[in-house]
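# Overview (structure and organization)
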Amino acid sequence: MTTLVPPLNPTVSTHTRAVMRSPLTLSTHIGVKTYNRTFKRLEAALFLADVLVLLRGRASHDYAAEITQVHSAMDQELTRLSALVTAEQQWITKALKAAPRDAEVQYTDPVTLNLTLRTPRARPYVTLLTRLEQTLCSVDQAWYHGLIPTAEQLKRGNLLFRHFYRACGVIERLAWGLGRRVRDAQDGAATVNASPDYHAMLLKRTGSGPAHADAPDAPAPDEAADAMTAEESASLEATEALVASLTPVVGEAQETEPTFDDPTNTPTFASTPEPTVTLLETINPGLRSLEEPPSRVRELFRAQGASV
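As the structure is a prediction and not an experimental result, all values here were calculated from the model. (Residues numbered from 1 in each chain as written. Predicted model: local features only at pLDDT ≥ 70, side-chain atom pairs only at ≥ 80, totals over all residues. Heavy atoms only, no water.)

## Comments concerning the pattern of salt bridges
If you walk through the whole model with that rule in mind, you get 14 salt bridges. Linking D75 and R121 is a salt bridge whose minimum nitrogen-to-oxygen distance equals 2.8 Å. Of this pair, D75 sits in helix α3 (residues 64-95) while R121 sits in the loop between β2 (111-117) and α4 (123-144), and the two are 46 residues apart along the sequence. A relative accessible area of 35% places D75 in the partly exposed class. Linking R156 and E152 is a salt bridge whose minimum nitrogen-to-oxygen distance equals 2.7 Å. On the criterion of helical spacing, the pair formed by R156 and E152 is a turn pair, its members being four residues apart in helix α5 (residues 150-186). Across this residue pair, the class does not change: R156 and E152 are buried. Residues participating in the shared-partner salt-bridge network are E43, R118 and E240. (Salt bridge = Lys/Arg side-chain N within 4 Å of Asp/Glu carboxyl O. Helix = DSSP H or I, 4+ residues; strand = E, 2+ residues; numbered from the N terminus. Buried < 20%, exposed > 50% of the residue type's maximum accessible area, 1.4 Å probe, protein only.)

## Describing the nonpolar core
Grouped burial of nonpolar side chains is what soluble globular proteins tend to show. Core analysis: the biggest nonpolar cluster contains 55 residues, and Y125 and L174 have the highest contact counts within it. For this core, the elements supplying multiple residues, two or more each, are β1 (20-26), α1 (29-50), α3, β2, α4, α5, α6 (196-205) and α7 (230-246). When residues in this core are grouped by element, the largest group, 13 residues, is from α5. Here L174 is in contact with V70, A73, M74, Y198, M201 and L202, once residues within four sequence places are set aside. If you look at the next biggest cluster of nonpolar residues, it comprises seven residues, including A95, L96, A99 and I148. (Core = buried A, V, L, I, M, F, W, Y, C linked by side-chain atoms within 4.5 Å. Contact = heavy atoms within 4.5 Å.)

## Things to note about unusual backbone geometry
The backbone of D222 shows a phi angle near 50°, a positive value even though the residue is not glycine. Within the secondary structure, D222 is located in the loop between α6 and α7.

## Structural notes on the side chain of T119
Among the structural elements, T119 can be located in the loop between β2 and α4. Overall, T119 belongs to the buried group, its relative accessible area being 3%. Setting aside residues no more than four positions away along its own chain, T119 makes contact with E43, L46, F47, D50 and V51.

## Here's the deal with the packing of α1 against α7
Relative orientation of the contacting elements α1 and α7 amounts to 20°, with a least axis distance of 9 Å. The angle between α1 and α7 falls in the class roughly parallel. Seen along the crossing, α1 lies across α7 with a hand that is left-handed. Along the contact surface, α1 presents R37, K40, R41, A44, A45, F47 and L48, while α7 presents E232, S235, L236, T239, E240, L242, V243 and L246. For the contact of α1 with α7, the per-class residue count stands at eight nonpolar, two polar and five charged. (Axes fitted to C-alpha atoms, helices over the stretch in contact; angles between N-to-C directions. Parallel < 35°, antiparallel > 145°, perpendicular 65-115°, else oblique. Left-handed = near helix turned anticlockwise from the far one by under 90°. Nonpolar A, V, L, I, M, F, W, Y, C, P; charged D, E, K, R; others polar.)

So this is what it looks like as structure tokens:
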């Protein structure tokens, strides 16, 4: 009988990267639904816009100013979301002052997750999810003690979900726009154009603060769904496909950082339409091109003011 001898040294992967593990405990229905439908999409978008666009040598250098603009726009969107959660926390804290101290609401199916973050820019969103869960628990506490009616309890939860959903869509589309432009510049495209939606979003969210800070009136698509819809799964797959197209291949020669006489030179937006690219269709012909999000998601983003 032959005995297999294990190798002296394990295989060493060259694909290793720095990640952060972050625990997150969720008990409320809205908290779990918000995580299910936004976290993976938003984390992938932030990884694309924060890390991968910076690994493209000359293309990254040429778009340095625009990368900074996109980061600023994303930060403003998260700041807007944080301000909303703060306002909700202050409101429910006042409501709970009249609550008795001898009874706490419990939950039937809490879950503790161990999130993987590929960029530190995702950490503020995890913090927001934690604060969202704390707020929702307080709302349930006030409801069970009769301090707010059922209609108010449902309204507050839906309001928070819609804002988190909207912020995820804004950040996702900003990442797509930036990622496509850097990718096309790296590939030597004759023209690298900004889609009208991306251009307008960037202009409106840098220099003058975030737009449409009021609560979105329109419900999120399939708002009752507890997990990602088919359209949202397609959005995540589109982002990950773009991530893959910008991820350096093992053994790939790294570009030498170029030297320019004018380091302040910044890219300008072109006004001509952006050419259609069908990278995602080559991966899965049943899905749309990653040049645009699924049509239903895109239309609902526009209805909520997220397209500009």
